Amino acid sequence: MKVLVPVKRVIDYNVKVRVKPDQSGVDLANVKMSMDPFDEIAVEEAVRLKEKGSATEIVVVSIGPSQAQETIRTALAMGADRGILIQHDAVVEPLAVAKLLKGVVAEEQPGLVVMGKQAIDDDNNATGQMLAALLDWPQATFASKVELTGEGANVTREVDGGLQTLSVKLPAIVTTDLRLNEPRYASLPNIMKAKKKPIDVKSPADYGVDPTPRHTVLKVTEPAKRQAGIKVESAADLVMKLRNEAGVL
Amino acid sequence: MAVLVVADHDNQALRDTTLKTVAAAQSLSNEIDVLVLGHGAESAAQAAAKIAGVRKVLLAEGEPLGRMIAEAVEAVIVPLMAGYDALLVPSTSAGKNFAPRVAAKLDVMQLSDVVQVVDAETFVRPIYAGNALETVRSSDAKKVITVRPTAFKAVAGEGGSAPVERLSASAEAPGTRFVNEEMVVSDRPELGAAKIVVSGGRALGSAEEFRAVIEPLADKIGAAVGASRAAVDAGYAPNDYQVGQTGKVVAPDLYIAVGISGAIQHLAGMKDSKVIVAINKDADAPIFQVADYGWVADYKTAIPALMEELGKSGK
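Cut-offs and rules
Residues numbered from 1 in each chain as written. Chains lettered and ligands numbered in written order. Predicted model: local features only at pLDDT ≥ 70, side-chain atom pairs only at ≥ 80, totals over all residues. Helix = DSSP H or I, 4+ residues; strand = E, 2+ residues; numbered from the N terminus. Rg over C-alpha atoms; globule rule 2.2 N^0.38 Å. Buried ≥ 20, exposed ≤ 12 C-beta atoms within 10 Å, placed from the backbone. Contact = placed C-beta atoms within 7 Å. Nonpolar A, V, L, I, M, F, W, Y, C, P; charged D, E, K, R; others polar. Pairing = 2+ DSSP bridges. Core = buried A, V, L, I, M, F, W, Y, C linked by C-beta atoms within 7 Å. pLDDT = per-residue confidence, 0-100. Axes fitted to C-alpha atoms, helices over the stretch in contact; angles between N-to-C directions. Parallel < 35°, antiparallel > 145°, perpendicular 65-115°, else oblique. Left-handed = near helix turned anticlockwise from the far one by under 90°.

## Section: the overall build of chain B
At step 1: For chain B, the count of helices and strands is 9 helices and 16 strands.
At step 2: Rg of the C-alpha trace for chain B: 22 Å, near the compact-globule value of 20 Å for 315 residues, within the 12% margin.
At step 3: Counting only residues that meet the buried cut, chain B has 57% of its 315 residues in that class.

As structure tokens, then:
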């Protein structure tokens, strides 16, 4: 079975996000970029499926500028087999991403698509569900455990207040949550090997998709800043202040 | 314009999130219908009929709807949307699961986690885990919106008397079968909804210490337990305790950070809390820059002292 893993190049989760003074967006100049952490978990899950013999090939696809090739290389170094870059320099919203991925699915015919539940830049949490809708496939989002059962998969999902397990028929979409696995670090030999793995470069037009955003960003602002408060010296002082001043105890 | 709000409920009663989502809907329109999806959810529908300002309640029932299976929910909502200009869904785990599916079927780009309605086309939503707010205008004819409930003030749950209309629409999910559910049975409140959260960081040093220090304090004040990513990565606390950019985003009335330095990714998950208390022996820890009450102290002495003080005053 072929597994398709879409990955997104985003600002590294450890970088402090700075809003541009002209409110046009977030400053991405000279900022460390990495694979979205949820996508990393998706790549890891696919590689584990291959190691277990459940997956035969892992195809990684990214939609973004030419630098997104680095993100694809990271996935190849973790153990994916080949990559597809759909090159587009401007912002591509989840709806357009889902339409592009639908095109990739039509070409590649994967039995399973594993992807991050959310990109940590736009925080939409939408692409996987949208792709499932466009393909009319079952979806199992926010997965913390995936077990292949032959024609299907049992997926345990993180829901409010606990866990829900669904059995989905394949092909299906699974989106990953934090608890699914801990992604590996690529070894140096695997990083070297990844350089030789093929990456196809395509454009949105190749899939007949218009990537023009439906949303116009009018401004991006910083949320109200918190002021540092006061220091307390003792437990009695703290409890008194929480009770009488803040009224939260 | 007419808008449809999807209720969040436990089949018996509505959750607060429903009343907050109706509040968001009121900034768009006065023609608000509420859709109750469930299995044996008649009581929830009756409760929805009492919400002030609701025009009509729609009730659709079925086994897959009782589990909020996304494909079944999609099958009910998509045909209904012919009669509505906007769909508003509380951004619970169920809402986040099905709303984008509906949006894609309608060929609409979803507005996720909206915290403010500017006008019928314009919305404010957090990006980068709340480190920035974007104001966006949607050009789609219909709007599909998930609403961050903590950003809106609940409308009155009493005073209305809307009619309840039962839908006979089929709601099948042929490719998906519910297997089971394990809900956390805990006397502690759920992390995402708790009024007080006590979180521990790497300074705790071990899982045993985390349990011995953080959990009793949380239980004493009826709090949920959280942890920093560093504490989770070190194995001191389970992953689902993680508060931060890649974990849970919380906004309780009181957040107590114990032995947490305050990495950016943690601050992103808790900085909207009403009151923040930081206890850390490092006076330069970044957590103190966002704390309302900072206490520079070693947790080893501070927490027992705090427990004793809380005990004295009957808590």
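## Quick word on the interface of chain B and chain A
At step 1: Taken together, the contact between chain B and chain A spans 77 residues of the former and 69 residues of the latter.
At step 2: No other element matches the 9 residues that helix H5 (residues 93-105) of chain B contributes to the side of chain B that touches chain A.
At step 3: Classifying every residue of the side of chain B that touches chain A by side-chain character gives 32 nonpolar, 24 polar and 21 charged.
At step 4: Across 7 bridges, the pairing between strand E9 (residues 162-169) of chain A and strand E11 (residues 176-183) of chain B is antiparallel. Bridge pairing links Leu166(A) to Phe178(B) in E11(B).

## Observations regarding the nonpolar core
At step 1: Counting 126 residues, the largest nonpolar core has Val5(A), Ala46(A), Val60(A), Val5(B), Val36(B) and Ala48(B) as the members making the most contacts within it.
At step 2: In this view, Ala46(A) contacts Val3(A), Val5(A), Ala55(A), Ile58(A), Ala80(A) and Val114(A); residues no more than four positions away in its chain are not counted.
At step 3: Judged by nonpolar contacts, the second largest core, of 68 residues, contains Val239(A), Val250(B), Ile287(B) and Ile303(B).

## Focus on the confidence of the model for chain B
At step 1: The pLDDT averaged across chain B works out to 94; a share of 99% of its residues lies at or above 70.
At step 2: Interface confidence for the predicted complex, expressed as ipTM, amounts to 0.94; the pTM equals 0.91.

## Quick notes on the packing of helix H3 (residues 94-108) of chain A against helix H4 (residues 127-135) of chain A
All names here are of chain A.
At step 1: Here H3 crosses H4 at 50 degrees, and the two axes come no closer than 8 Å. As the angle between them shows, H3 and H4 are arranged oblique. The two elements H3 and H4 cross, and the hand of that crossing is right-handed. Of H4, the residues touching H3 (which contributes Pro94, Leu95, Val97, Ala98, Lys99, Leu101, Lys102 and Val105) are Thr127, Met130, Leu131, Leu134 and Leu135.
At step 2: Grouping the amino acids of the contact of H3 with H4 by side-chain chemistry returns 10 nonpolar, 1 polar and 2 charged.

## Brief notes about the sheet that holds strand E13 (residues 230-231) of chain A
At step 1: Reading across from one edge, E13(A)-E16(B)-E15(B)-E14(B)-E12(B)-E13(B) is the order of the 6 strands in this open sheet, with parallel pairing throughout. Two strands in the sheet have a free side with no partner beyond their single neighbour: E13 of chain A together with strand E13 (224-227) of chain B.
At step 2: Judged from the 2 bridges that link them, E13(A) and strand E16 (residues 293-296) of chain B form a sheet pairing that is parallel. Across the sheet, residue Lys231(A) finds its bridge partner in E16(B), namely Gly294(B).

## Looking at the packing of helix H6 (residues 235-246) of chain A against helix H9 (residues 299-312) of chain B
At step 1: In the contact formed by H6(A) and H9(B), the axes pass within 8 Å of each other and the chain directions differ by 55 degrees. Comparing the axis directions of H6(A) and H9(B) gives the class oblique. Helix-helix and strand crossings are classified by hand; for H6(A) and H9(B) the assignment is right-handed. Facing H6(A), whose interface residues are Ala235(A), Ala236(A), Leu238(A) and Val239(A), H9(B) presents Ala302(B), Ala305(B), Leu306(B), Glu308(B), Glu309(B) and Leu310(B).
At step 2: Counted by class, the contact of H6(A) with H9(B) contains 8 nonpolar, no polar and 2 charged residues.

## Topic: the sheet that holds strand E8 (residues 132-138) of chain B
At step 1: Pairing in this open sheet of 4 strands is antiparallel, and the strands run E12(A)-E8(B)-E7(B)-E6(B) from one edge to the other. The sheet is open, and its two borders are formed by strand E12 (215-221) of chain A together with strand E6 (116-117) of chain B, each paired with just one other strand.
At step 2: Here strand E7 (residues 122-127) of chain B runs beside E8(B); their pairing, made up of 6 bridges, is antiparallel. The partner of Phe123(B) across the bridge, within E8(B), is Val136(B).

## Some remarks on H4(A)
Note: α-helices contain 3.6 residues per turn, so residues at a spacing of three or four share the same orientation.
At step 1: The buried fraction of H4(A) amounts to 7 of the 9 residues, a majority that puts the element mostly inside the structure.
At step 2: Summarising the contacts, the buried residues of H4(A) are in contact with H3, strand E6 (112-116), strand E7 (139-148) and strand E10 (172-176) of chain A together with helix H4 (70-80) and H5 of chain B.
At step 3: Positive backbone phi, approximately 55 degrees, marks Asp136(A), located one or two places after H4(A).

## Focus on unusual backbone geometry
Residue and element names in this part refer to chain A.
At step 1: For the peptide bond that leads from Leu170 to Pro171, omega is 0 degrees, which places it in the cis range.
At step 2: Summarising the element assignment, Pro171 is placed in the loop between E9 and E10.
At step 3: Even without being glycine, Gln23 reaches a positive phi, approximately 60 degrees.
At step 4: Looking at the element boundaries, Gln23 is found in the loop between strand E2 (9-11) and strand E3 (33-35).
At step 5: On the basis of neighbour counts, which here come to 15 C-beta atoms within 10 Å, the residue Gln23 falls in the partly exposed class.
At step 6: Of note, the phi angle at Asp123 is positive, near 50 degrees, even though the residue is not glycine.
At step 7: Within the fold, Asp123 resides in the loop between E6 and H4.
At step 8: Accessibility expressed as a C-beta count within 10 Å gives 21 for Asp123, which makes it buried.

## Some remarks on the environment of Leu191(B)
All names here are of chain B.
At step 1: Position of Leu191 relative to the elements: it lies in the loop between E11 and strand E12 (196-200).
At step 2: A tally of 24 C-beta atoms within 10 Å means that Leu191 is categorised as buried.
At step 3: Beyond its immediate sequence surroundings of up to four residues, Leu191 is in contact with Val197, Ala224, Gly226, Lys248 and Val250.

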